[in-house]
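Coordinates in review
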Amino acid sequence: MGKNKRLAIGMPILIAACIALGIFIGNHFWFLNQGRNLSMFGGTNKISAVLGIIREQYVDTVNMQDLVEGAIPKIFSELDPHSVYIPAKDVAKRTEDLEGSFSGIGVSFNMQTDTILVIEVVPGGPSEKAGIKPFDRIVTINDTVYAGTKTDDEKIMKLLRGMKNSTVELGIKRDNNPELLHVQVTRGDVPVNTVDVAYKVKEGIGMIKVSKFGRTTYNEFITAIAKLKQDDCRAFIIDLRGNTGGYMDAAINMINEFMPEGRQIVYAEGKAFPRQDFYANGTGTCKESPIVVLTDEGSASASEIFSGAIQDNDRGLIIGRRTFGKGLVQSPIQLNDGSELLLTVARYYTPSGRCIQKQYKLGETDDYDQDIYNRYLHGEFDTADSIKLDDSLKYLTVGGRTVYGGGGIMPDIFIPRDTAGITSYFSKVINSGVLYRYALEYSDRHKYEFSEYANYEELWDFLKSQPLVNDFANYAAKKGIKKRPYLIAISRNLIANQLQAYIIRNFFKDDGFYPVFLKDDPTLQKAVEVIEAGRAFPL
């Protein structure tokens, strides 16, 4: 009995000890096993293993999709500055401006204080067909009131854009009519132009401003060339200032118009990207035409391919300031969920062998992003002497001229930024948006009389006779910007030019805007001077 009693008491203790030992041994081997499992997963498989462990064993429930969406950009942040992950919801937006069209109602608008004011109605677009006019005010969208509310432009844009053939109901207030006009607009294709303007600057000289290189840019460019040739233009100024690039094919096709057969345009090469060379095929229509290209620090990517090819082939002159220095080739890689990787796979090189891309360190994007600002601080926008050229990166053009690598395209003729008339008063009225709002309100008040002018020159002559600057200064004062008579006197011509240009744009679009806006532009004036002197060909 005593023996059985001792057994009865000791057995639970023994069982408990065995369980504890089992747990200890199990945990010990579990950790060892986890270590072996993780060691089996190298590289990307290790990331999958870590995510699997978090999903199965983390103390709280985690939204794995959000975790992955947050992790991927961090991985890409350790690469070059231009490789990027694009969530599925943003993929369409990335290419929208380059594809030549999008689906919407076909208006440009401004959120004036708390009212959606239609500035431009695309000719032949959905809104024009529905009877909407410039300076109409959109009060309701699908029965929801948006007048008198603070709504950002992006939200309004999302409401107005949508699937092709879908409809949107708009409540329109026109003039002083107390009744809303209820208009149903069927969304359709809205063209996106990338050639802003083409016009004759001087006798025999045409200027074409290209804002980006998109799907339709080459066709737009050819149309612009034809238009200028009909106007007896035989020399061309291509304005790529502020053009951040786009599709390389568009740039290559445009360069081909100016290049003799067999001339190299650009080449690309990368670790897993076999070298690709691109040459002119000799079918260009402007192979003998003088050409000048205008660039600045905002000219990037395809703009640099264009200007680099013209320069290295001694085909024309580059005038302005050093370009941005973006020469990396991104390959779009679609993922199963509709998201996209833009992965850098190669670098662009000009015909002389210069790499367009400026230097960067992997994962250090802050310094890269500050490069333009640092150029400004070092005085590069104001004097060519502030730019340090690396003698170890000398290259030769087709004709034997020396050009430099190291990032971006150095112009043949440097033009400092134009600071004439810029004062603290002018900067304040521009940065606050007051000058633009005044031009819009002034246009709205005179919309009927200004619509009667046959061309922008007639309207421009009228505006020159008006006391716009004084009237504007009073308007700005009411908006909280104190009158500064001395500074206004210094900036008077600049303010007048900007007011005239923005008012004209509301009635004659970019065809009227740019000739007025650029009338005193020193870079454009230098380009005209060079062409008239017969110096557009470097050799």
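Read on for an overview of the structure. (Residues numbered from 1 in each chain as written. Predicted model: local features only at pLDDT ≥ 70, side-chain atom pairs only at ≥ 80, totals over all residues. Heavy atoms only, no water.)

1. Let's talk about the packing of aromatic side chains
As a reminder, the rule being used: When two rings of Phe, Tyr or Trp (its six-membered ring) have centres within 6.5 Å they constitute a pair, described as stacked for plane angles under 30 degrees, edge-to-face for angles over 60, and tilted for the intermediate range. A ring is scored as having a charge over it whenever the NZ atom of a lysine or the CZ atom of an arginine sits within 6 Å of its centre and within 35 degrees of its normal.
One pass over the structure, following the stated rule, counts 22 aromatic pairs. Relative to tyrosine 368, the ring of tyrosine 360 lies with its centre 6.4 Å away and its plane at 90°, an arrangement referred to as edge-to-face. Aromatic rings pair up to connect Phe135, Tyr438, Tyr442, Phe450, Tyr453, Phe462, Phe472, Tyr475 and Phe507 into one cluster. In this arrangement the basic side chain of lysine 358 is found over the ring face of tyrosine 368, its NZ or CZ atom lying 4.8 Å from the centre.

2. A short note on the pairing of strand S12 (residues 235-239)
Inclusion rule: Categorising residues by exposure relies on relative accessible area from a 1.4 Å probe, with only protein chains included: less than 20% of the type maximum marks a residue as buried, more than 50% marks it as exposed, and the intermediate range marks it as partly exposed. Helix and strand definitions here come from DSSP, where helices need a minimum of 4 consecutive H or I residues and strands a minimum of 2 consecutive E residues; each element is numbered from the N-terminal end. Here, any two strands with at least 2 DSSP bridges between them count as paired. We call a crossover right-handed when, viewed with both strands directed away from the observer, the connection leading from the first strand over the helix to the second proceeds clockwise.
Most of S12 sits out of view: five of its five residues are buried. Burial along S12 is two-sided: the residues Ala235, Ile237 and Asp239 and Phe236 and Ile238 are all buried. Alignment of strand S11 (residues 205-210) against S12, held across five bridges, turns out to be parallel. Paired with lysine 209 across the strands is aspartate 239, a residue of S12. Tracing the backbone out of S11, into helix H7 (residues 217-230) and back to the parallel element S12 gives a crossover that is right-handed.

3. Points about the packing of helix H8 (residues 248-256) against helix H9 (residues 302-312)
Let me state the cut-off plainly: Each axis is a line fitted through C-alpha atoms, taken for helices only over the stretch in contact, and angles between the N-to-C directions span 0 to 180 degrees. Convention used here: angles under 35 degrees read as roughly parallel, angles over 145 as roughly antiparallel, angles from 65 to 115 as roughly perpendicular, and any remaining angle as oblique. Helix crossings get a hand from a simple test, with the near helix turned counterclockwise from the far one by less than a right angle marking a left-handed crossing and a clockwise turn marking a right-handed one. Whether two residues touch is decided by their heavy atoms; if any such pair falls within 4.5 Å, the residues are in contact. When residues are sorted by character, Ala, Val, Leu, Ile, Met, Phe, Trp, Tyr, Cys and Pro go into the nonpolar class, Asp, Glu, Lys and Arg into the charged class, and all the rest, Gly among them, into the polar class.
Taken N-terminus to C-terminus, the directions of H8 and H9 make an angle of 25°; their axes are 9 Å apart at the nearest point. By the angle between their directions, the pair H8 and H9 is classed as roughly parallel. Taken as a pair, H8 and H9 cross one another with a handedness that is right-handed. Here Met248, Ala251, Met254 and Ile255 of H8 come into contact with H9, specifically with Ala302, Ile305, Phe306 and Ala309. Of the residues belonging to the contact of H8 with H9, the class tally is eight nonpolar, no polar and no charged.

4. Here we look at the sheet that holds S12
Across the sheet, six strands lie side by side as S10-S11-S12-S15-S16-S21; this open sheet has mixed pairing. What marks the edges here is a single partner per strand, and that holds for strand S10 (195-202) and strand S21 (413-414). Across four bridges, strand S15 (residues 291-295) lies against strand S16 (residues 317-320) in parallel orientation. Looking at S16, one finds that leucine 294 is bridged to isoleucine 319.

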